[in-house]
Every structure is written in structure tokens, then in C-alpha cells.
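Analysis of the macromolecular model
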Amino acid sequence: LGYGFDFGNFGLVSLGQGQEPVAEKAIETAYKGGGWAFLQNIHLTPRWTAGYLEKRCDDLDSAHEEFRMFLSAEPAKLPINILQVCVKLTNEPPEGLQANIRKNWLPFSDDFFESSAKPGELKSITFALCLFHSVVIERK
């Protein structure tokens, strides 16, 4: 694909604690040169999101054709026009403890457990981790 840190056309910024100027630089570089900018946790900077980011999303017509901007946020009140120009993806855990355990357990095959020197112990530890994760998610 030709995108990444090594190519100098991918910017990754985790917002919060004064990272707004770094994010603006990543966006402008990608906007003009055709790179990708990934901004994490935009919900932590509501004033900047409603100001600079909203204005930048209003002016996407003059962007380089290879420009892409990825945004991640926890559920929060985001400006409408940012939501209108984005493709939105959500990942929500299934309802209920049993469904959550099943979702976490399914990626592990018998071959995975049998490839271990101690398959019984690995299976027990993996199940405990799936159960713990499911309980944490369910309590959220």
C-alpha cells in the first residue's frame, strides 16, 4: 500500500494533554501530501474538535485524493458535520455474560491448545481470562 511511519505519510496522535498542535500538523501533512492521519480519543478535546477539526472536515474538497483521516472516540457528543462526513463503525460487546464468554472463547481452536506443552493449563488460563474479561465488560 505504501503507507506507514517508514514512508512518512502516516500520522498517529493520541489526543489529550496538549497534543492538539501535533494532531493539526499530522492532519495538514496528510491533507496536502496525500497521507493518513489517525486521531485517537477525540472525545477528550471537545473544544478543539468543535473548532479546528470541524472546520477542517468542512473543507475536504481541496484535499489530496489519497488523504484519509481516521478518528476514534468513546461515545460522546460530537459535532454533527463531523459525523455526517464520516463512515462510522461501532464495536459493541454482546448482551449477557454467556454471550460475551462465547465471543471471547471462539477464536481459540483445539489446535491452539494442543500446540502447547501444557494444553490443560493453557485451556484453564485462557478460560479464566475470557471469563474475567466478560465480567469486566458486563459490569461497564
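This write-up is about the structure you can find in this document. (Residues numbered from 1 in each chain as written. Predicted model: local features only at pLDDT ≥ 70, side-chain atom pairs only at ≥ 80, totals over all residues. Heavy atoms only, no water.)

1. Side note on the environment of phenylalanine 127
Take phenylalanine 127: it is sitting in helix α6 (residues 119-139). For the pair phenylalanine 127 and asparagine 104, spaced 23 residues apart in sequence, the C-alpha separation works out to 8.8 Å. If sequence neighbours within four positions are ignored, phenylalanine 127 has contacts with Ile101 and Trp105. (Helix = DSSP H or I, 4+ residues; strand = E, 2+ residues; numbered from the N terminus. Contact = heavy atoms within 4.5 Å.)

2. Considerations on the side chain of threonine 45
Here threonine 45 lies in the loop between β2 (36-40) and α2 (46-58). Not counting chain neighbours up to four residues away, the residues in contact with threonine 45 comprise Leu15, Gly16 and Glu20.

3. Things to note about the nonpolar core
Within the largest apolar cluster, 17 residues are counted, with the highest numbers of intra-cluster contacts made by Leu15, Ile27, Leu39, Trp48 and Leu53. Contributing elements (two or more residues each) for this core: α1 (20-33), β2 and α2. No other element matches the five residues that α1 contributes to this core. For tryptophan 48, the contacting residues outside a window of four places in its chain are Leu15, Glu20, Ala23, Glu24, Ile27, Leu39 and Leu53. (Core = buried A, V, L, I, M, F, W, Y, C linked by side-chain atoms within 4.5 Å. Buried < 20%, exposed > 50% of the residue type's maximum accessible area, 1.4 Å probe, protein only.)

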